[in-house]
Structure formats: structure tokens, C-alpha cells
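Architecture at a glance
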Amino acid sequence: MDGGASSDSHISPKGKEEESNRTVLAILVGPPGSGKSTFCEAVISASRRPWVRVCQDTIGNGKTGTKAQCLKAAVDALNEGKSVFIDRCNLEREQRADFLKFCGSHTDMHAIVLDLPAKVCISRCVNRTGHEGNVQGGRAAVIVNKMLQNKEAPNLNEGFSRITFCQNDSDVKEVIKMYSELGPADKLSPGEFGKKSKKESGQQSIMKFFKKSAREENSQKEKEGASSSGNGAGNEFPTLAFPSISTADFQFDLDKASDIIVESAQDFLKRVDNVRLALVDLSDKSRIISLVREKVMKKGIDSNRFITFVGDITMLYSKGGLRCTAIANAANWRLKPGGGGVNAAIFKEAGEALDIATKERAETLNPGSSVAVPLPSTSPLYQREGVTHVIHVLGPNMNPQRPNYLQNDYTKGCKILRDAYSSLFESFASVACLERNKKPKLVELKDETSGESKKKENQEEVKSRNQNQTTTTSGKSKNKENREEVKSRNWGSWALALYNTAMDPEKYKDGLLEIADDFIVLNDLYPKARKHVLVLSRLNGLDCLEDAKREHLPILKSMHSAGVKWVKKFLSEDPSPHFRLGYHSVPSMRQLHLHVISQDFDSPSLKNKKHWNSFNTAFFRDSVDVIDEIEEHGSAKLSGEKLLEMELRCHRCKSAHPNIPKLKSHIAKCRASYPPHLLQNSRLLSASNNDLNIN
DNA sequence: GTTCTAGAAC
DNA sequence: GTTCTAGAAC
């Protein structure tokens, strides 16, 4: 494989050989309510390419349409040089087969799988009216459930050249955009995109949304294995390709660097399943590659999950058959294109789109940190290589010829390099949409992870506050502190405002939004976002989350419901914000209160690090998790106040920012999707959130 | 929790 | 010089 980053192959090889105006037959796959018709209409109204939507619900002119009618309409349209959407459920392989048979040599066969959660589809069906096929109202749930029982995900071996999976609304949006931008002569690159890993689909699907037989999966694996140029690994894992950080221009010691790469990777892979890391270097004489290979072998790291790869990081799929979800860029601190090496090559291949998308995320990068930038679908790296994200990462600089070098301080250098890899891998974990519930460590970023042991200590401390000091098994000098804390929790007079309100709401009723038997709702006096209310318990003695035990579950649940009710009310006035409901691990004000807060954090009262981190680190405990944990263990996990001193990171894209003003100007424009953790379990409530309709 | 302000960081 | 943080007082 040639190592040149500057070959001419950024022009898709397919682009040259294809005559213009090839047609596309795109089969939508998804149950009623998954948004097939909306998808088609959105693309058709925006596209320069002529599209025809063939819909079985409408093709019969009032009567129920047939598949045969759809086939005929599709073939007619293709013959006229138009591209076609097949808008019917197409959930079973057999249902799709006939359409694929008509695939002439001038037509690309695509599948677009709208793999949204079943409950979302059901709820949409139940709530809609005037549906073309009358799948709506009460009968919809039965129909959708039945259809979902035995469905098969489309497979390349059915004859599709491209299959795109959408798991959520933002995927759908992105794919609509991609198809809308497809000009008459353009072609999307072949392959499977956006597919969930096996583990994820197992965890997310309530009713085995798309069943796939083991036999099929194996044959698919064989197929992929055969075409993957003998790198020995199947292509089913999300893969991060990364160059060695700091060892080129920044002259980091190779031996030390290789240790850090291997250790960081091993640590990451231990904690995260279903991902793969690929260290990439241009030259097969690369010293860093051989050092890493040697150490990987010694450590017995799974060679399917950590690979070394010689090749151009911008052409891993097109030239090397290695499909990567994300590639890391050894960036400079200004996040500028150019320079040399990997940074120049990636910015060049990704096109201007990456520069623009990067600017939207962050202006600068600190050594030891990273920022993940989603690649616009127009980028050649996305279209040709199937790369969805570029993760910029900055390592330590040991080069005396460069400004701000570390003067051979390898204590500092090694720490920064470790931080850089940890941050890179964590960013990748977010990108790869990992299920992180079962591994609480993963929820934390690098810096939080390093604070993990401290956090544990803190939790223990908090726990032991409630115990008598005679339990001295691991007591040490903490006992003195404990004794003081056990005696009384000293609330300053300023910290009693909520308590006083809860005990005598009538006195303060002018400022209250709602007074119920067991809780009160009021606006936070210093709101940290456009919408920020408190649901305040009225129970005397329930001072904070630490006090909440099983007997408090009814009040916790009723506070939660009240919070959700107010979210609904806010969303009915303005559907744009997202909300979280949760408690501070260690509150400043006495009397248990639930924060209901919109995620814009656009407020002059949000002034310092503590404010930010109290809502955007594990210090903030989502109400849903608190209830689950108390149900399961009798108490909720608490995080220590150490987290409040953490570096400032955007709650959406996780980029780091040096101070509050910079962070605030960033979050005002950041539109990255929220971290996967927040998208689960209704931690994040929005107008499109189905749970709001059900509760 | 906020306000105030010294002094660190830029 | 200005901006921003962090600690003390309330």
C-alpha cells in the first residue's frame, strides 16, 4: 500500500466510471410510525434529483394497494430515469426480494432502515390521524407489535449496494440531508452504515426489533472477512483509527510512547466491549508500530480488538479495506488545517467541511485533550471512507524547535500523553454510542476517571457519616472529621430558605408555582438556564439526597411526576429545549429539592465552575437513576464535591473550555447530539420524547 | 446559595 | 490594563 497522503484518489473511483444519471431504488424499511413517508417527502421536496415515492397505502386509489402495483410503478419510474423510494414496511426479506430482482445495471439498490425504538413508532401511530393506511389510534400498537415480531434486517447479500441504518431522529435527519444533497450524477458509497453493534441492539430492542438468524450473520461475516484485505479482523466493531500522538513532530520518546499507547488501549478495551482500536502509521518501517506490536503481543491483548495498520489514515477503507467509524487527528492547538503530517492530510481529504465543523465545536485544544467533530455527509472522508467523526487530539510537545516545549520533562509529558489517549478513547466511546450503563466508569471523562478513586472515597465518607464512629475498620484520621459531621450538619442561615418555604408555604405562596400535599414547585431564585424550577419536598427531616431511603420512594416519585408535568407545560409553550430532572449530590440548601432545568444553560446567574459542574458532572444525579438506585439498593449513589472543580466541558460535544465566558459562548452555538448516556432511560426530556406522552 | 474583592491569568 | 477565578463573609 502506498503511504502518500497526497494521491489523487479523493475522487471517488466510482465517480469516474459511472455514466451520469444512474437511478437509485431506495427501499425504506421500518414499521408504521417509523417515519418512512416523512423521510421520502423531506428528500423529494429538497432534492435536485427526480424522485418518485411509491407508496402501497396510496397506490390503490382508495382501495388497499398491492405489492404488484408498487413494483410496476417502481419499474415505470426507473425506466423514465427517475429514482424511486419504496414506501412500505419491507420488514421481511421476502417482501424486499421482488424489488431487488428488478435491479437493472443502471440502478443502485439501497435500503434505508428506520430502526427507531418500537415505543416511539407505536406512540406516533397511536397519536396520528388521517393516516393513508389507517394504521393509527388504538389498533396501531397491535399492528406494529405484530409486524415487529419476526423481522429481518436487510443484508448486503440480498443485493443491496448500500444499507443505511437510522437509530434515532438525528440519524434520520442526517440521512435525509445526505439523500437530499444527492445530485443527479452523484453516487453514495456502497456498504453498511450506522449499524448497531450486536450488543447494543440486544440491549436496546425491547422486542428484538430486527431479528437476524445466526446463519445469515455468519455468511455476512465471511463476506466481510474475505474483502477486508487480510487484516484479520471482522468489520462489525466500531473502529477508531489513530496515529501515534506526539512521536513525530513533537519528538516524544518512542519507547515511552509505545508503553502509553498499549497501556491506555488495554485499559480502555477492558472497560469497553464491542469496539476496536487501530494504530495507523504510513510506513511499514515505522518504529512505533513495531514497538507497539511487540508490547501488544507480550501483554496478550486481543488482536481482533487492537490492531496495527500500515497505511494512509485518510484512505483506510478505499485502499486498505479497513472500515473505521472514527479517525483521530494529531491536531495543533489552534485546530488549524495545514502544517504537515496527519493533520494536513486529514484536513485536506476531509475538505473545507471539516474546518467549518471543527470551528463550530472548539476554537482551541489543550494538550492532553480531544474534541470529536462529526463529519458532514458531504465530506469525501464520510462518503468514500465511511468515517463519521474526526477526533482531534493534542499531545505533549517535546520538540525544542517548537514553542512551548516541555524541556524534556517526561513526568509532565507522560501524564499529558496518557491524558491525550484517554480523552481520545473516551471521545470515541461517545461517538460509538456505547451502552455505558453497566460500566459506571465509562460515564466519566478521563479527568473524572482519574478522580474515580477519590470519588469512591468520598462516597465512603458520606456513607460513614451515617454510621457510628466505632466502625473503624478503615477509619484512619477521617474519624475526627466524621465525628464533627455526624453531630450536626451545619446549615448556614442562608441555606434555610427552601426549608422555611417547605415548612410554611402559605407564608411564601406568592412566589410559588404549585403547592401540593407533599411537594411545592417554585422558580429557582437564581435560575441557571432559561427554565429552571425546583420541586421541593415538604417532608420535615428529608434534608438532602443522602437522607433519601426506600420509605421516601413515594415522595420521590411524586416529585418526579410533578417535574415531568412542568416540563410538559414548558414544552407546550416552546418545544425546543431539552430538560433534565435531578438532584445535587451535596446540596447547598437544606430540604430535598429536585432541579428541573432546561439544557440551554443560558442564564446570567450561571457564573462559575461550580454552577456548571453541579449540573453537568456526575454530581448531578438524574431523578430516574436516583429512584432506580433506591429501589434496588436502598440509597442513591452520591458524588463528591471534587467533581465541582473539574475542568469545564460542553455537556453536548464534551469539548473542554478554559473559562466560563468561553464555555458559555461555545454552548450557545454547539448543536452536537447529547452523549449517549443522556439519551437513555429518559434522562433527557424533549418534545420528541415519547415518555412524555405515556406518563 | 450569592456577593464582594484580591490577585492570578492573560 | 482587563478578565476571570476563588475564597471569605453572609
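Residues numbered from 1 in each chain as written. Chains lettered and ligands numbered in written order. Predicted model: local features only at pLDDT ≥ 70, side-chain atom pairs only at ≥ 80, totals over all residues. Heavy atoms only, no water.

In the annotation of an unreviewed UniProt entry, chain A is listed under the name Transcription factor bHLH140 and assigned to Rhynchospora pubera.

**A short note on the overall build of chain A**
A count of helical and extended segments in chain A gives 28 helices and 21 strands. Evaluated residue by residue, chain A yields a buried proportion of 53% over its 695 residues. The long-range fraction of contacts in chain A, counting pairs at least 24 apart against all pairs at least 6 apart in sequence, stands at 71%. Accessible surface computed for chain A: about 31,600 Å², of which carbon and sulfur atoms make up 51%. (Helix = DSSP H or I, 4+ residues; strand = E, 2+ residues; numbered from the N terminus. Buried < 20%, exposed > 50% of the residue type's maximum accessible area, 1.4 Å probe, protein only. Contact = heavy atoms within 4.5 Å. Areas by Shrake-Rupley, 256 points an atom, 1.4 Å probe, with all protein chains shown as cover.)

**Description of the side chain of S427**
Tracing the sequence through the fold places S427 in helix α17 (residues 410–431). The residues touching S427, leaving out its near neighbours within four places in the chain, are S370, A372 and I391.

**Considering the sheet that holds strand β6 (residues 191–193)**
Reading across the sheet, the six strands line up as β2-β3-β1-β4-β5-β6 and stay open at both edges, with parallel pairing between neighbours. The two strands at the open ends of the sheet, each matched to only one other strand, are β2 (51–55) and β6. Pairs of neighbouring strands in the sheet enclose a mean axial angle of 15°, with direction left out of account. Note: strand β5 (residues 162–166) against β6, three bridges, orientation parallel. Paired with T164 across the bridge in β6 is F193. (Pairing = 2+ DSSP bridges. Axes fitted to C-alpha atoms, helices over the stretch in contact; angles between N-to-C directions.)

**Examining the confidence of the model for chain A**
Overall, the predicted model of chain A reaches an average pLDDT of 81, with 82% of residues at or above 70. In this model, residues 1–18 is a region of pLDDT below 50 whose contacts with residues beyond four sequence positions or in other chains number 30 contacts. Throughout residues 198–235 the model reports pLDDT below 50, and contacts reaching past four residues in sequence, or to other chains, amount to 67 contacts. (pLDDT = per-residue confidence, 0-100.)

**Concerning the sheet that holds strand β9 (residues 306–310)**
In space, the six strands of this open sheet follow the order β9-β8-β7-β10-β12-β11, with mixed pairing throughout. Two strands lie at the open edges of the sheet, namely β9 and β11 (370–374), each paired on one side alone. Sheet twist, expressed as the mean angle between neighbouring strand axes with direction ignored, is 25°. Examined bridge by bridge, strand β7 (residues 239–243) and strand β10 (residues 326–330) share two bridges and lie parallel to one another. From the neighbouring strand, A241 faces β10, where its bridge partner is I327.

**Points about the protein's contact with DNA strand C**
Around DNA strand C, the surrounding shell consists of W494, N659, I660 and P661. Close to the protein, within 4 Å, the atoms of DNA strand C belong to sugar or phosphate groups at a rate of 69%. Measuring from a base nitrogen of DNA strand C, one finds a side-chain N or O atom of W494 at 3.3 Å. A distance of 2.9 Å separates a phosphate oxygen of DNA strand C from a polar backbone atom of I660. Considered class by class, the residues forming the surface near DNA strand C number three nonpolar, one polar and no charged. (Near = heavy atom within 4 Å. Polar contact = N/O pair within 3.5 Å; in protein donor to acceptor, adjacent residues only side chain to side chain. Nonpolar A, V, L, I, M, F, W, Y, C, P; charged D, E, K, R; others polar.)

**Re the packing of helix α4 (residues 67–79) against helix α5 (residues 93–101)**
Contact geometry of α4 with α5 gives a least axis separation of 10 Å together with a crossing angle of 35°. Along this stretch, α4 crosses α5, giving a crossing that reads as right-handed. Contacts between α4 and α5 involve K67, C70 and L71 on the former and, on the latter, E94, Q95, D98 and F99. (Left-handed = near helix turned anticlockwise from the far one by under 90°.)

**A look at the pairing of strand β17 (residues 593–598)**
Judged by how many residues are buried, β17 sits mostly within the fold: six of six residues are covered. Side chains of β17 alternate between two faces, with H593, H595 and I597 and L594, V596 and S598 buried alike. When strand β15 (residues 532–537) meets β17, the two strands line up antiparallel, connected through five bridges. The residue of β17 that forms the bridge with V533 is V596.

**Things to note about the protein's contact with DNA strand B**
Lining the immediate environment of DNA strand B, one finds W494, Y526, K528, H584, S588, M589, K607 and H611. A share of 56% is what sugar and phosphate atoms reach among the atoms of DNA strand B within 4 Å of the protein. A distance of 2.9 Å separates a phosphate oxygen of DNA strand B from a polar atom in the side chain of K528. Interatomic distance of 2.9 Å between a backbone N/O atom of S588 and a phosphate oxygen of DNA strand B. Partitioned by chemical class, the residues of the surface near DNA strand B number three nonpolar, three polar and two charged.

**What to know about the packing of aromatic side chains**
Enumeration over the complete set of coordinates arrives at 17 aromatic pairs. Consider the rings of F242 and Y421, whose centres lie 5.8 Å apart with planes at 75°: the pair is edge-to-face. Note that F242 is positioned in strand β7 and Y421 in helix α17, a separation of 179 residues in sequence. With relative accessibility at 0%, the residue F242 sits in the buried group. The buried category is assigned to Y421, whose relative accessible area is 0%. The rings of F242, F268, F306, Y421, F425 and F428 are connected pair by pair, giving a single aromatic cluster. Positioned above the aromatic ring of Y499 is the side chain of R590, whose terminal nitrogen or guanidinium carbon lies 3.9 Å from the ring centre. (Phe/Tyr/Trp six-rings, centres within 6.5 Å; stacked < 30°, edge-to-face > 60°. Lys NZ or Arg CZ within 6 Å of the ring centre and 35° of its normal.)

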